[in-house]
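Spelled out, the chains give:
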Amino acid sequence: MAQLSATLYTSHVPAIGAAMDLARDGDAYWKPVFDGYAATRQWLAANTPDVVVMVYNDHATAMDYSVVPPFAIGVSDHFEIADEGWGRRPVPDPLGHPALARHLVHRLMASGFDMTVLHRPKVDHGLSVPLSLGFGRVSAWPCRVIPLMVNVVHAPLPTAARCLALGQALGEAIRSYGEDLNVQVWGTGGMSHQLQGPRSGFINSGFDRWFLDQIVHHPTALTELSHEAFVAQAGTEGAELVMWLVARGAQMAFQAEGDRFDELQRHYHVPASNTAVGHLLLAHRALATA
Ligand code: DHB
Ligand code: FE
C-alpha cells in the first residue's frame, strides 16, 4: 500500500531557481532564504520519496490562457522543463509515474473531481523551483514527480474549500494504491505577494504567519477564506496559497486513518524577489527525526 511520508509546503519564486542556477545562493541576499531549507534537504536525503505529487499552478506555460482547467494531472513518464522566456533552467527533466498518476485520475474522478489529463505538459518554475529547494543541484531528480496543476491564474478559481476536499480525495486515492510506495505531496506558491497594479510589492507578514499556524493546526478553518479575502490580505498572487490546502487535505486523509505527522521545519523570510517565502515540512511521526 502506498504511504504518505510527508507533506511539504513552499513558495516557488522563479528568482530562487535563478539564484541556484547562477550559484548565487550564498550571496547575502539569498543565504537567509536557503538557510531555511537546509534541515529539510537533509531530512529528504535520508527519507527520499519514491514519488512527489507536486501541487502547483502552471503560469501560462503548459496551457495558454485560452484554456485553463481548474485541476489537471500530468500522466506521462517524462516532463520537459520549459523555457519561460529567459532560457530553459539547467536542471534535469522530471520523470513521471504514469501508473500512479492514472490511478489518481480514476479515483479522483470517482470521488467527483473531474480532472483534466495532460499527456505532455511542459513544466515551469512552479514545479522546478520546489524540486531545487528540496533536493539541491542534482544531475537527476531522486524521485518520480506527478504534476497536479490548480488554476489560480484565471477566474473563476477553485475555492479554498474545494482545494482542501481535493486534497482529502487525493490522500484517499494515494492510500488505495496497491504497490508499496513512499509518496509525498508538496503544496507550492505564496506566501503573500502581488506582482501587478498599484499594490505591486504588497507583503503581509502578519497574515502569512497566521496562515502558517492555521495550515498546521486548523486547516479546515482556512476554507472560510474567499478569494477576495486572499487577495485583500495576501495580494493577488497570494491566492496561490489555496494550493497548500491540497497537500494538507491529503495529510488529513492519512490522519483520519491514524497516521500522525510532526512539524519538522518552519521557515519564513521576506523578501525573495517580490514574495514572502514560507516553508513547512510535516513528516510522518515514524520518520520524524531530523
Ligand atoms: C514571483 C513569485 C511567483 O510565485 C511567481 O510565480 C512569479 C514571480 C516573484 O516574486 O517574482
Ligand atoms: Fe507563482
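Heads up: the structure comes first, above all this text.
Residues numbered from 1 in each chain as written. Chains lettered and ligands numbered in written order. Predicted model: local features only at pLDDT ≥ 70, side-chain atom pairs only at ≥ 80, totals over all residues. Heavy atoms only, no water.

> Which parts of the structure should I look at to understand the coordination of the iron ion (ligand 2)?
Ideal coordination angles are 109.5 degrees for a metal with four donors arranged tetrahedrally and 90 or 180 degrees for a metal with six donors arranged octahedrally. Distances from the iron ion (ligand 2) to its protein donors, His12 (NE2), His59 (NE2) and Glu240 (OE), fall at 2.0 to 2.4 Å. Sequence spacing of the donor residues for the iron ion (ligand 2), all on one chain, is H-x46-H-x180-E. On the criterion of sequence distance, the pair formed by His12 in the loop between strand S1 (3–10) and helix H1 (14–21) and Glu240 in the loop between helix H8 (227–234) and helix H9 (242–255) is long-range, its members being 228 residues apart. Glu240 shares its class with His12; the two are buried. (Donors = N, O, S within 2.8 Å, 3.2 Å for Na, K, Ca; no water. Helix = DSSP H or I, 4+ residues; strand = E, 2+ residues; numbered from the N terminus. Buried < 20%, exposed > 50% of the residue type's maximum accessible area, 1.4 Å probe, protein only.)

> Would you explain the site of ligand 1 in this entry?
In the vicinity of ligand 1, the residues found are His12, Val13, Pro14, His59, His125, His193, Leu195, Glu240, Ala272, Ser273, Asn274 and Thr275. Between His193 and ligand 1, the recorded distance is 3.0 Å, taken from a side-chain N or O atom to an oxygen atom. At 2.5 Å, a side-chain N or O of Thr275 approaches an oxygen atom of ligand 1. Along the lines of polarity and charge, the residues of the shell around ligand 1 split into four nonpolar, seven polar and one charged. (Near = heavy atom within 4 Å. Polar contact = N/O pair within 3.5 Å; in protein donor to acceptor, adjacent residues only side chain to side chain. Nonpolar A, V, L, I, M, F, W, Y, C, P; charged D, E, K, R; others polar.)

> Is there a simple way to explain the packing of aromatic side chains in this structure?
Both the distance between ring centres and the angle between the ring planes are used here to describe each pair of aromatic rings. Scanning the entire structure with this criterion turns up 10 aromatic pairs. For the pair Tyr29 and Trp30, a centre-to-centre distance of 4.9 Å together with 80° between the ring planes defines the contact as edge-to-face. For the ring pair Phe71 and Phe113, a centre distance of 6.4 Å and an interplane angle of 65° mean the geometry is edge-to-face. Placement of the pair is Phe71 in strand S3 (residues 71–74) and Phe113 in the loop between helix H4 (98–110) and strand S4 (116–118), with a sequence separation of 42 residues. Taken individually, Phe71 and Phe113 each receive the classification buried, so the pair is uniform in this respect. (Phe/Tyr/Trp six-rings, centres within 6.5 Å; stacked < 30°, edge-to-face > 60°.)

> Quick question: what am I supposed to make of H1 here?
For an α-helix the count is 3.6 residues per turn, leaving residues at separations of three or four pointing the same way. Listed in full, the buried residues belonging to H1 are Ile16, Gly17, Ala19 and Met20. Down the axis of H1, the smallest arc covering the buried residues is 160°, so these residues share one side. Next to the buried residues of H1 lie helix H2 (31–35), helix H3 (38–46), helix H5 (125–135), strand S7 (261–272) and strand S8 (275–284). Immediately downstream of H1, the backbone of Ala23 shows phi near 55°, a positive value. (Arc of directions from axis to C-beta. Contact = heavy atoms within 4.5 Å.)

> What is the right way to read the pairing of S7 from this model?
If a strand is regular, its side chains alternate between the two faces of the sheet. The sheet contact formed by S7 and S8 spans nine bridges and is antiparallel. Within S8, the position partnered with Tyr268 by the bridge is Gly278. Remark: two residues form the turn of the hairpin made by S7 and S8, two consecutive strands paired antiparallel; Ser273 in that turn has positive phi of roughly 55°. (Pairing = 2+ DSSP bridges.)

> Help me understand the nonpolar core in this model?
When a protein is soluble and globular, its nonpolar side chains tend to lie buried together. Ranked by internal contacts, the top residues of the largest apolar core, which has 59 residues, are Ile73 and Leu170. By residue number, the principal contributor to this core is H9, which donates nine residues. Ala6, Met54, Leu118 and Ala283 belong to the second largest nonpolar core, which has 24 residues in total. (Core = buried A, V, L, I, M, F, W, Y, C linked by side-chain atoms within 4.5 Å.)

> What should I look at first to understand the packing of helix H6 (residues 160–175) against H9 in this one?
The geometry of a pair of packed helices is captured by two quantities: the angle between their axes and the separation between those axes. Running from N to C, H6 and H9 cross one another at 40°; their axes reach a closest spacing of 6 Å. By the criterion of interaxial angle, the relationship of H6 to H9 is oblique. Two packed elements cross with a definite hand, and for H6 against H9 that hand is right-handed. Mapping the contact onto sequence places Ala160, Cys163, Leu164, Leu166, Gly167, Gln168, Leu170, Gly171, Glu172, Ile174 and Arg175 in H6 and Val242, Leu245, Val246, Arg248, Gly249, Ala250, Met252, Ala253 and Phe254 in H9. The class makeup of the residues in the contact of H6 with H9 is 13 nonpolar, four polar and three charged. (Axes fitted to C-alpha atoms, helices over the stretch in contact; angles between N-to-C directions. Parallel < 35°, antiparallel > 145°, perpendicular 65-115°, else oblique. Left-handed = near helix turned anticlockwise from the far one by under 90°.)

> Explanation requested: the sheet that holds S4 in the structure shown.
The strands making up a sheet are joined through hydrogen bonds of the backbone, oriented either antiparallel or parallel. Across the sheet, eight strands lie side by side as S4-S3-S5-S2-S6-S1-S8-S7; this open sheet has mixed pairing. Where the open sheet ends on each side, the last strands, each with one partner, are S4 and S7. For this sheet, the mean inter-axis angle between neighbouring strands, taken without regard to orientation, is 20°. Sheet analysis places strand S2 (residues 51–56) next to strand S6 (residues 182–188), joined by five bridges and oriented parallel.

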